[in-house]
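# Architecture at a glance
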There are 2 protein chains.
Amino acid sequence: MIKVVILGAGNVATHLFKAFFASEEVTVVQWYNRHLKTIDLHKNKVAVTDDLSALKEADVYILAVSDDAIETLSEQLTFSNRLVVHTSGSTSLYAIEKKHNRGVFYPLQTFSKDTTVDFSAIPICVEALKKDDLKVLKKLAKAIGAHPHKVNTDQRQALHLAAVFVNNFSNQLYRIAHEITESQGVEFDILKPLIKETAAKIETISPYMAQTGPAKRNDKKTIKRHLKQLEKEEHQAIYTLLTQSIKNTHGH
Amino acid sequence: MIKVVILGAGNVATHLFKAFFASEEVTVVQWYNRHLKTIDLHKNKVAVTDDLSALKEADVYILAVSDDAIETLSEQLTFSNRLVVHTSGSTSLYAIEKKHNRGVFYPLQTFSKDTTVDFSAIPICVEALKKDDLKVLKKLAKAIGAHPHKVNTDQRQALHLAAVFVNNFSNQLYRIAHEITESQGVEFDILKPLIKETAAKIETISPYMAQTGPAKRNDKKTIKRHLKQLEKEEHQAIYTLLTQSIKNTHGH
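No experiment lies behind these values; they were computed from the predicted model shown.

In this section: the overall build of chain A. Scanning chain A from terminus to terminus reveals 10 helices and eight strands. By its C-alpha atoms, chain A is 70 × 35 × 30 Å across when sized along the principal axes. Looking at chain A as a whole, 55% of its 252 residues are labelled buried. Counting every atom, chain A has about 11,200 Å² of accessible surface; 47% of that belongs to carbon and sulfur. In chain A, 33 positive and 28 negative side-chain charges are present, and the distance between their average locations comes to 5 Å.

The following block contains the structure:
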């Protein structure tokens, strides 16, 4: 049984709490947040506190807080020589105060407040300075059905950056598509099977091989008409830049 | 039973042939291509020809050819007053010679040579000048398990443009993510669950609601570090533009 203390009450903290709570191999011995009100509704399931000096003993302390808060919070912890990890994709392991056994437990997934998260098959990037700590983090990931991946800091930061492209930026393209369809009074829903298939396709072939469309074909006539159809300058600029990027990739 | 003649031998033509061939409600009475060699391997399943004057009688003639070829090919057809449709997302219905009963049968999906296409749940945009022709096209879509959507030309062209954003451009973002992960020797595969979830998420919430990440939070520190991490100027430009677009959408 792995004993865990969660610190923070954002999306990652809340989804991790739910996953740990559901696991038979993990006990959440305590949940800390600076504002007790946010986590108070969970007090029948877990001991809650807003007092850093009252933290219980555990195998792992998970700082699921904003990047900027990691350093300060880790300094404020009154104990030392225990495994303290953060959940950030972009923050150095060394942001954690050096009196602790430091580590990273970064789930590579998109967490919204109102959507449920199934941790099975989610990759969790783990990092630790001690071998035994790495073992604990891998075990913790597996305990919620996730896939642990040992990566170094550069690799984790590359994944975090790449995640912005495939998640935030793709989602913004969906948003623009939503605007385009709405402007002609046609349902955005019609695009959903294509969106799903675009993501599903790269399970079997590389994005390079999966590419189709006017930019790849260098179909100047269609590109010109598309640019004319777009009403917003911002959308025209995105169209032009991504079309050029596809052309560069595919050698036009 | 709907009798169909397919003209053309590209990805759309080939995938449609397979779907029609598998349907009990459709007979492909003939398959035409200018070069017989390309479709010759199907001659044990369907009558093939490279002779436009030898086309058999059918309920629908499907011009699954490149946009530029639609007009000329429709003029070259020796008969008249039969239902002739093209499969293009961006070409006007009126590109088809007016001696025919004109229509559009545009499957909104990405077709690659080497991937199988499941037409069930695929939207097919249908357009026709006559009510009875529209009925035939709807029936034809349903016969292969697809969902017919009656749209006008402006709406179809908006969907075609929006499809470039959600399909070609998203796929290019996956490609860039592939380059970023490779540059640090980390597996692109780790991103696949996130890519899948990003697409799956908008089944239940709008792209607007689904957005997360540094641009939406206006997290300047992370944005600055990400830009520094990117080695290619092109990738920096895309990062900057899409970050600004998210900021504009979410009011920063």
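From this point on, the discussion continues.
Attention now moves to the environment of A69 of chain A. Residue and element names in this part refer to chain A. Positionally, A69 belongs in the loop between strand 4 (60-63) and helix 3 (70-76). Looking at A69, the relative accessible area reads 28%, which means it is partly exposed. With 61 residues separating them along the chain, A69 and G8 place their C-alpha atoms 9.8 Å apart.

This paragraph deals with the packing of aromatic side chains. Residue and element names in this part refer to chain A. Under the counting rule described, the total for this entry stands at 14 aromatic pairs over all chains. The ring centre of F21 lies 5.2 Å from the NZ or CZ of K45, which sits over that ring. Above the plane of the ring of F79 lies R82, whose end atom (NZ or CZ) is 4.4 Å from the centre.

Next up on the list: the domain arrangement of chain A. All names here are of chain A. Domain annotation for chain A reports domain 1 (2-151) and domain 2 (157-249). Of note, the centres of domain 1 and domain 2, computed from C-alpha atoms alone, are 36 Å apart. With eight residues of domain 1 in contact, the opposing surface of domain 2 contributes five residues. Between domain 1 and domain 2, roughly 490 Å² of surface is buried when both sides are summed, and carbon and sulfur atoms account for 62% of that area. When residues of domain 1 are sorted by the area they lose upon contact with domain 2, G89, S90 and L108 head the list and together hold 57% of the total. The tally of links between domain 1 and domain 2 comes to zero salt bridges. The tally of links from domain 1 across to domain 2 stands at one residue pair in polar contact (both at pLDDT 80 or more).

What follows deals with the relation of the copies chain A and chain B. Expressed as a screw operation, the relation of chain A to chain B combines 0.0 Å of axial shift with a rotation of 180 degrees, fitting to an RMSD of 0.0 Å. Such values leave the two copies arranged in the relation of a two-fold axis. Residue S170 of chain A, judged by its C-alpha, is the member of chain A lying nearest the rotation axis, at 2.6 Å.

Glancing now at the sheet that holds strand 4 of chain A. Residue and element names in this part refer to chain A. Read across the open sheet, the eight strands follow the order 3-2-1-4-5-6-7-8; overall the sheet is mixed. On the outer flanks of this sheet lie strand 3 (48-49) and strand 8 (147-150), each paired with one strand and no other. Pairing geometry for strand 5 (residues 83-86) and strand 6 (residues 101-107), over four bridges, is parallel. Its bridge partner lying in strand 6, V85 is registered against G103.

Okay, the UniProt feature "domain: DUF2520" (unreviewed entry) in chain A next. Mapped onto this numbering, the UniProt entry annotates "domain: DUF2520" (unreviewed entry) at residues 122-246 of chain A. What you have in residues 122-246 of chain A is 69% helix and 8% strand, and the ends, taken at the C-alpha atoms, are 29 Å apart.

Residue and element names in this part refer to chain B. Helix 10 (residues 233-249) packs onto helix 5 (residues 153-183) with a crossing angle of 125 degrees between their chain directions and a minimal axis gap of 12 Å. By the criterion of interaxial angle, the relationship of helix 5 to helix 10 is oblique. Crossing handedness for the pair helix 5 and helix 10: left-handed. Contact residues: helix 5 offers L173, I176 and E179, while helix 10 offers H235, I238 and L242. A breakdown of the residues in the contact of helix 5 with helix 10 according to their chemical character gives four nonpolar, one polar and one charged.

What follows covers the sheet that holds strand 8 (residues 147-150) of chain B. All names here are of chain B. The strand order across the open sheet built from eight strands is 3-2-1-4-5-6-7-8, with neighbouring strands paired in mixed fashion. A strand with exactly one partner marks an edge of an open sheet, and here the two such strands are strand 3 (48-49) and strand 8. Sheet analysis places strand 1 (residues 2-7) next to strand 2 (residues 26-32), joined by six bridges and oriented parallel. Among the inter-strand pairings, I6 is bridged to a residue of strand 2, identified as W31. With respect to the sheet, helix 1 (residues 11-22) is in contact with strand 1, strand 2, strand 4 (60-63) and strand 6 (101-107), its orientation differing from that of strand 2 by roughly 150 degrees.

All right, on to the pattern of salt bridges then. Residue and element names in this part refer to chain A. The final tally for this structure, using the stated rule, is 14 salt bridges over all chains. Ionic pairing is found between R156 and E127, a salt bridge with its closest N-O pair at 2.7 Å. Here E127 lies in strand 7 (residues 123-128) and R156 lies in helix 5 (residues 153-183), a separation of 29 residues in the sequence. Across the pair, E127 and R156 agree in class, each one buried.

Take the UniProt feature "domain: Pyrroline-5-carboxylate reductase catalytic N-terminal" (unreviewed entry) in chain A next. In this structure's numbering, the residues bearing the UniProt feature "domain: Pyrroline-5-carboxylate reductase catalytic N-terminal" (unreviewed entry) are residues 3-86 of chain A. Annotation note: span residues 3-86 of chain A, helix share 27%, strand share 26%, distance between end C-alpha atoms 16 Å.

A few words now on the pairing of strand 7 of chain A. Residue and element names in this part refer to chain A. Among the six residues of strand 7, five are classified as buried, and the element is accordingly described as predominantly covered. Relative to strand 7, strand 6 is paired through five bridges, and the arrangement is antiparallel. Considered in strand 7, the bridge of V104 is made with E127. In this region the chain leaves strand 7, passes through helix 4 (residues 131-143) and returns to the parallel neighbour strand 8; the handedness of that crossover is right-handed.

This brings us to helix 6 (residues 192-201) of chain A. Every buried residue of helix 6 of chain A is listed here: K192, L194, I195, T198, A199 and K201 of chain A. Its buried side turned inward, helix 6 of chain A meets helix 5 and helix 7 (207-210) of chain A together with helix 5 and helix 6 (192-201) of chain B.

Residue-level contacts link 85 residues of chain A with 85 residues of chain B. Each partner contributes to the roughly 8,300 Å² buried at the junction of chain A and chain B, and carbon and sulfur atoms together form 67% of this total. Per-residue buried area on chain A facing chain B is highest for F165, V166 and I190 of chain A; these three make up 8% of the total on that side. The interface formed by chain A and chain B holds two salt bridges in total. D68 of chain B is the salt-bridge partner of K221 of chain A, the closest N and O atoms lying 3.0 Å from each other. Counting every contact that joins chain A to chain B gives 32 residue pairs in polar contact (both at pLDDT 80 or more).

Analysis parameters
Residues numbered from 1 in each chain as written. Chains lettered and ligands numbered in written order. Predicted model: local features only at pLDDT ≥ 70, side-chain atom pairs only at ≥ 80, totals over all residues. Heavy atoms only, no water. Helix = DSSP H or I, 4+ residues; strand = E, 2+ residues; numbered from the N terminus. Buried < 20%, exposed > 50% of the residue type's maximum accessible area, 1.4 Å probe, protein only. Areas by Shrake-Rupley, 256 points an atom, 1.4 Å probe, with all protein chains shown as cover. Lys, Arg positive; Asp, Glu negative; His and termini not counted. Charge placed at Lys NZ, Arg CZ, Asp CG, Glu CD. Phe/Tyr/Trp six-rings, centres within 6.5 Å; stacked < 30°, edge-to-face > 60°. Lys NZ or Arg CZ within 6 Å of the ring centre and 35° of its normal. Domains from an automatic or database assignment. Contact = heavy atoms within 4.5 Å. Buried area = accessible area lost by both parts, 1.4 Å probe. Salt bridge = Lys/Arg side-chain N within 4 Å of Asp/Glu carboxyl O. Polar contact = N/O pair within 3.5 Å; in protein donor to acceptor, adjacent residues only side chain to side chain. Least-squares fit on C-alpha atoms with pLDDT ≥ 70 in both. Pairing = 2+ DSSP bridges. UniProt positions renumbered as here; feature names shortened; annotations may be inferred. Axes fitted to C-alpha atoms, helices over the stretch in contact; angles between N-to-C directions. Parallel < 35°, antiparallel > 145°, perpendicular 65-115°, else oblique. Left-handed = near helix turned anticlockwise from the far one by under 90°. Nonpolar A, V, L, I, M, F, W, Y, C, P; charged D, E, K, R; others polar. Right-handed = clockwise from strand over helix to strand, strands pointing away.

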